[in-house]
Amino acid sequence: MIFGVLAVYAALVAYGLPYALRAASWTSRAPRLAVAMWLAAMISVVSVAVLAATLLFIPLHAIGDTLVLLVQWCGWTNHNLTISIHWTTPRVAGVVLSTAAALRLLHVAVAVTVTGRRSRVRHRHDVRLLGRFHPTLRIYILDHADRSAFCLPGRSGGVVVTEGALQALHPTELDAVIAHERAHLAGRHHLILTTAAVLAGAFPAVPLFGTGQEELRRLVELTADDSAARRSAPHVVAEAVLRLAAPPASVLGMANTGVRQRVLRLLTAEPPLSRPAVVARSLIVAVLLLLPLVMTTVPALNELGYHCV
């Protein structure tokens with residue numbers, strides 16, 4: 001019964017939510033909240049998948065009892081959670097599929113992480129070798145004619161602006177560009193995009209991961225635009241985006257994602273979401289994150305009084 005409920009829930013979130021969330025207009029008005037909802041949905045589906053796989057070996061009540069007893073720490077030595085596994089054909093098939101999925105996820109995670117790290121190390125080396133550090137602006141200036149600005153995550157990274165961009169940007173626009181890139185660094189947006197890339201690469205047929213990767217790339221740019229607009233006027237940020245319309249090498253660049261949409265959004269200045277709308281969507285995020293835990297612990301809570309007597 002519970003296995004079927006988990007499967008239906010995972011299917012609804014993985015295949016139904018992406019289309020509704022991608023079509024929702026509110027995501028552009030509250031991109032940070034939208035990022036949280038996409039991530040919460042991904043975490044929820046992965047958690048439910050792990051829970052469903054665990055149920056092939058351990059009964060649900062044993063999982064819940066273990067969690068509750070660990071939290072309560074009441075009479076732990078008096079409880080013996082004996083687990084007996086009867087190997088049926090569906091259970092063997094489930095174990096094989098779960099193991100294959102886990103190995104696939106691990107393989108893609110290692111590949112994406114290693115590739116991303118090598119790329120960042122190479123870019124840092126190139127910037128340190130060919131660029132110069134501006135102590136006042138606290139940015140690296142790369143002697144290149146292209147109009148580009150991007151950030152390099154990591155302890156030894158920072159904001160990189162090409163000489164071509166410096167020549168094209170007015171001082172206020174340059175300030176907006178730097179604020180935009182620093183928002184990427186402060187928000188750890190590269191970790192968000194890496195997580196999405198791993199899930200999309202491992203399970204490309206799941207719309208939540210494939211569509212989510214595209215949407216998260218767009219939403220982190222909108223989030224950084226908002227951060228820059230709080231420091232500079234929105235029209236200044238829009239002008240900077242237009243001047244840097246040529247995409248940079250880095251995925252977290254100032255003008256590499258949805259230029260037209262971003263400029264129109266900055267210039268139209270739509271009103272933010274109302275407080276009730278923010279609260280409602282925040283509750284959805286909380287439900288997505290907590291539902292797997294609730295499914296696991298609620299059955300055990302019914303017997304909590306018995307365990308702690």
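Only a predicted model underlies this, so the values are computations on that prediction, with no experimental measurement involved.

**Student:** Would you explain unusual backbone geometry in this entry?
**Tutor:** Glycine aside, residues mostly have negative phi angles, and peptide bonds mostly take the trans form. The residue Arg138 is not glycine, and still its phi comes out positive at about 60°. Here Arg138 is to be found in the loop between β1 (131–134) and β2 (139–142). Of note in the backbone geometry, Arg188 takes a positive phi value of approximately 50° without being a glycine. Structurally, Arg188 can be placed in the loop between α7 (171–186) and α8 (189–202).

**Student:** Please explain the nonpolar core as it appears in this structure.
**Tutor:** If you look at soluble globular proteins, the nonpolar side chains tend to sit buried side by side. Within the largest apolar cluster, 39 residues are counted, with the highest numbers of intra-cluster contacts made by Trp26, Leu208, Phe209 and Leu216. For this core, the element with the highest residue contribution is helix α3 (residues 31–54), accounting for 12 residues. Beyond its immediate stretch of four places on either side in the chain, Leu216 contacts Val35, Trp38, Leu39, Met42, Ile192, Leu193 and Ala196. Within the second largest apolar cluster, 12 residues are counted, among which are Val159, Val161, Leu169 and Leu244.

**Student:** Explanation requested: the side chain of Thr223 in the structure shown.
**Tutor:** Secondary-structure assignment places Thr223 in helix α9 (residues 207–231). Taking the relative accessible area as the measure of exposure, Thr223 reaches 9% and is therefore buried. If we ignore the near neighbours within four places in the chain, the residues touching Thr223 are Pro31, Arg32, Val35 and His189.

**Student:** How should helix α1 (residues 2–23) be read in this particular structure?
**Tutor:** Because the α-helix completes a turn every 3.6 residues, residues three or four places apart line up on one side. Taking 1.5 Å of rise per residue, the 22 residues of α1 would be expected to cover 32 Å, and the 31 Å separating its terminal C-alpha atoms lies within 8% of that figure. Within the span of α1, buried status applies to Leu6, Tyr9, Ala10, Val13, Ala14, Pro18 and Leu21.

**Student:** Hey, could you run me through a nonpolar patch on the surface in this one?
**Tutor:** There is a patch of nonpolar side chains on the surface, built from Ile43, Leu289, Leu290, Leu293 and Val294 and spanning about 440 Å² of accessible area. If one sorts the elements of the nonpolar patch by residue count, helix α12 (residues 275–301) sits on top with four residues. With respect to the helices, strands and loops of the structure, Ile43 is situated in helix α3.

**Student:** Is there a simple way to think about the environment of Arg104 in this case?
**Tutor:** Its location among the elements puts Arg104 in helix α5 (residues 89–130). On the basis of relative accessibility, which here comes to 38%, the residue Arg104 falls in the partly exposed class. Between the alpha carbons of Arg104 and Gly201 there is a distance of 9.3 Å; along the sequence they are 97 residues apart. Look past the residues within four positions of Arg104 in its chain and what remains in contact with it is Gly201 and Ala202.

**Student:** What's the story with α9 in this structure? I'm lost.
**Tutor:** In this model α9 runs 36 Å from its N-terminal to its C-terminal C-alpha over 25 residues, within 8% of the 36 Å that 1.5 Å per residue would give. The sharpest bend along α9 comes to roughly 30°, located at Gln213.

What counts, and where the lines are drawn
Residues numbered from 1 in each chain as written. Predicted model: local features only at pLDDT ≥ 70, side-chain atom pairs only at ≥ 80, totals over all residues. Heavy atoms only, no water. Helix = DSSP H or I, 4+ residues; strand = E, 2+ residues; numbered from the N terminus. Core = buried A, V, L, I, M, F, W, Y, C linked by side-chain atoms within 4.5 Å. Buried < 20%, exposed > 50% of the residue type's maximum accessible area, 1.4 Å probe, protein only. Contact = heavy atoms within 4.5 Å. Expected span 1.5 Å × (residues − 1). Patch = residues over 30% accessible without salt bridge, like charges linked within 9 Å, V, L, I, M, F, W, Y side chains within 5 Å. Areas by Shrake-Rupley, 256 points an atom, 1.4 Å probe, with all protein chains shown as cover. Salt bridge = Lys/Arg side-chain N within 4 Å of Asp/Glu carboxyl O. Bend = angle between axes of the 7 residues up to and from the residue.

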